[in-house]
Amino acid sequence: MVVLAAGDASSSRSPAMEAPSSASPPSPGPGLVIRIRVPDGGAVDWTVHPAPQLLFRDVLDVIGQVLPEATTTAFEYEDEDGDRITVRSDEEMKAMLSYYYTTVMEQQANGQLVVPLQIYPRACKPPGKRNIHGLKVNTRAGSATNSATAVPDSLPSNSLKKSSAELKKILANGQINEQDIRYRDVLGHGNGGTVYKASHALNGKVLAVKVIPLDITLELQKQIMSELEILYKCDSSYIIGFYGAFFVENRISICTEFMDGGSLDVYRKIPEHVLGRIAVAVVKGLTYLWSLKILHRDVKPSNMLVSTRGQVKLCDFGVSTQLVNSIAKTYVGTNAYMAPERISGEQYGIHSDVWSLGISFMELALGRFPYPQIQKNQGSLMPLQLLQCIVDEESPVLPVGEFSEPFVHFITQCMRKQPKDRPAPEELMGHLFIVQYNDGNTEVVSMWVCRMLEERRAQQQQQQQGTQ
Ligand code: ATP
Ligand code: MG
């Protein structure tokens, strides 16, 4: 393996841009090691000092030295799922470094060996679509092949590169337990429990773990575990990946795929062209669940998760009746997204999920809950009498003029007071609003999520500066 020292390769150009603080290394180490993977399967390590001043052009210059025969215009790195992400600009470099330092921090926190940043030069390809916000994210459907096979024997094998499918298999073998989980940040509190960002001790894979305290008998615990079995079989790009669940004392931990964009309830008013693509994914996710005879029962913005890769996935569906009942016994209140017939205590069916879909998207489009008299301050559980207006009044309608006709019609149909008047699954999929946005364009959602996260980060930084 060739090892370039910093002086060998860095260009003499002075940095035109300061890297953001989020892209700073977690601790002053020996410098950033970039492992340049070459087509024959070998690798060249390049140690960079000081890393934050690194420019995209500098990296291309070094690649030019390593691969003098090829004209390299871009390079790629792999995200935690092994998907390749292209870098073609300084902005995209910043995003890559920021992502890499997050994984370094995770490796350090787990006491693991820090793996160099691996990049894959791309020779002379057309530039393709650019992400104007500088966070180019991979939107390909499948995962890239696992690169670990190409790593020479002397290099540490990168267990972080395990694909989601592989991880799912490992975890589904019943190997996941409390000892394997390293709890990190709290992602949020719900009505039933707390969701943590965590990592798996053996492979560093990031997970979301929902911990719900439940005082129930061993018998009920067993019943819940067997009811959750069906989650292993759920296999849809629109449903959150399930890795396993376990009881410890009086609490259940449910481990799922982590979505780096979080849930939709924390995003303000979402523009229609973005919301349209999100709606397509949500309708597909619901249709998938319904095809398995599973009703979601808790469709609402906080149970719709997004990622910087433009994925949209449903979570927290009521697959275990016992779990739903046990939580309901502890937490009193009625869900504000429930259909009128459910608030009235009548029968519940697919059509009730469709109402919740309608009211959720109306809220996301308006940036406020559609019934002004209902103040949702904390969570979505409300005293029943406050929700009586949903049963008594005409359904709200999106303002025509502000939103397209198909969108207004879609919401109006979903929020018909009579369940039988609401669209059936195939009618939802065939609705013009869904059809026109069913174009497979995940880049729209991905760019929007990246931009919103950047804005949120900037705001947080400003607030921090303000308090100092
Ligand atoms: P409820 O308990 O009624 O479902 P909720 O959906 O607001 O209410 P939780 O399900 O406990 O509450 O989730 C809390 C928060 O954790 C969510 O709002 C979301 O921001 C975050 N979260 C949940 N699951 C994930 C995940 N898989 N990836 C990333 N963030 C998640
Ligand atoms: Mg939830």
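What counts, and where the lines are drawn
- Residues numbered from 1 in each chain as written.
- Chains lettered and ligands numbered in written order.
- Predicted model: local features only at pLDDT ≥ 70, side-chain atom pairs only at ≥ 80, totals over all residues.
- Heavy atoms only, no water.
- Near = heavy atom within 4 Å.
- Polar contact = N/O pair within 3.5 Å; in protein donor to acceptor, adjacent residues only side chain to side chain.
- Areas by Shrake-Rupley, 256 points an atom, 1.4 Å probe, with all protein chains shown as cover.
- Helix = DSSP H or I, 4+ residues; strand = E, 2+ residues; numbered from the N terminus.
- Nonpolar A, V, L, I, M, F, W, Y, C, P; charged D, E, K, R; others polar.
- Salt bridge = Lys/Arg side-chain N within 4 Å of Asp/Glu carboxyl O.
- Buried < 20%, exposed > 50% of the residue type's maximum accessible area, 1.4 Å probe, protein only.
- Pairing = 2+ DSSP bridges.
- Axes fitted to C-alpha atoms, helices over the stretch in contact; angles between N-to-C directions.
- Contact = heavy atoms within 4.5 Å.
- Donors = N, O, S within 2.8 Å, 3.2 Å for Na, K, Ca; no water.
- Parallel < 35°, antiparallel > 145°, perpendicular 65-115°, else oblique.
- Left-handed = near helix turned anticlockwise from the far one by under 90°.

(A) Molecular detail of the site of ligand 1. Taken together, 22 residues lie near ligand 1, and Lys210, Ser263, Lys300, Ser302 and Asp316 sit nearest. Contacts to ligand 1 include Lys300, whose side-chain N or O atom sits 2.5 Å from an oxygen atom. Between ligand 1 and Ser302, the relevant distance is 2.7 Å, taken from an oxygen atom to a side-chain nitrogen or oxygen of the residue. When isolated, ligand 1 has an accessible area of 600 Å², and the protein chains bury 89% of it. Counting only elements with at least two residues in the shell around ligand 1, the list comes to β7 (181-189), β9 (206-213) and β11 (251-257). In the shell around ligand 1, the residues fall into seven nonpolar, nine polar and six charged.

(B) How the structure looks around the pattern of salt bridges. Under the definition given, this model contains 19 salt bridges. Note that Arg57 and Asp61 form a salt bridge whose closest N and O atoms lie 3.8 Å from each other. Of the two residues, Arg57 and Asp61 are both situated in helix α2 (residues 56-66); the distance of four residues between them amounts to about one turn of the helix. Arg57 sits in the partly exposed class, given a relative accessible area of 43%. Of the charged contacts in the structure, one is a salt bridge between Glu78 and Arg84, with a shortest N-O distance of 3.3 Å. One salt-bridge network, held together by shared partners, links Glu76, Glu78, Arg84 and Arg122.

(C) Inspection of the pairing of strand β4 (residues 72-78) at higher detail. With six of seven residues buried, β4 lies mostly within the body of the structure. With four bridges joining them, β4 and strand β6 (residues 117-123) adopt antiparallel strand pairing. Bridge assignment links Glu76 to a residue of β6, and that residue is Tyr120. Relative to strand β5 (residues 84-87), β4 runs antiparallel, the two being bridged by four bridges.

(D) How the structure looks around the sheet that holds strand β8 (residues 194-200). Spatially, the five strands line up as an open sheet ordered β7-β8-β9-β11-β10, and their pairing is antiparallel. Either end of the sheet is taken by a strand with one partner, and the two such strands are β7 and β10 (242-248). Ignoring which end each strand starts from, the neighbouring axes of this sheet average 25 degrees apart. Bridge analysis of β8 against β9 gives six bridges, and the strand direction is antiparallel. Each residue of the ladder has a partner; that of Ser199, found in β9, is Val206. Strands β10 and β11 of the sheet are contacted by helix α5 (residues 218-228), whose axis makes an angle of about 180 degrees with β10.

(E) Spatial organisation of the pairing of β6. Burial of β6 is extensive: six of the seven residues sit out of reach of the surface. In the sheet, strand β2 (residues 32-37) pairs with β6 via three bridges, with the strands oriented parallel. Directly across from Arg35, in β6, lies its bridge partner Gln118.

(F) Structural view of the coordination of the magnesium ion (ligand 2). In this structure, Asn303 (OD1) and Asp316 (OD) serve as the protein donors to the magnesium ion (ligand 2), at separations of 2.0 to 2.1 Å. Here Asp316 lies in the loop between β13 (312-314) and α8 (321-330) and Asn303 lies in the loop between α7 (272-291) and β12 (304-306), a separation of 13 residues in the sequence. Take Asp316: its relative accessible area is 34%, and that puts it in the partly exposed class.

(G) Quick peek at the side chain of His296. Inspection of the secondary structure assignment puts His296 in the loop between α7 and β12. Residue His296 is classed as buried on the basis of its relative accessible area of 0%. In terms of polar contacts, His296 uses its side chain to reach the backbone amide nitrogen of Val299, at 3.4 Å. Discounting chain neighbours no more than four positions away, the residues touching His296 are Leu286, Leu289, Asn303, Leu314, Cys315, Asp316, Phe317, Gly318 and Asp353.

(H) Quick peek at the packing of α7 against helix α10 (residues 350-366). Direction vectors running N to C along α7 and α10 enclose 165 degrees, while the axes themselves pass 12 Å from each other. Compared by their axis directions, α7 and α10 come out roughly antiparallel. Considering the relative orientation of α7 and α10, their crossing is right-handed. Every residue of α10 that contacts α7 at Leu275, Ile278, Ala279, Val282, Val283, Leu286 and Trp290 is listed here: Ile350, Asp353, Val354, Leu357, Phe361, Leu364 and Ala365. Here the residues of the contact of α7 with α10 sort into 13 nonpolar, no polar and one charged.

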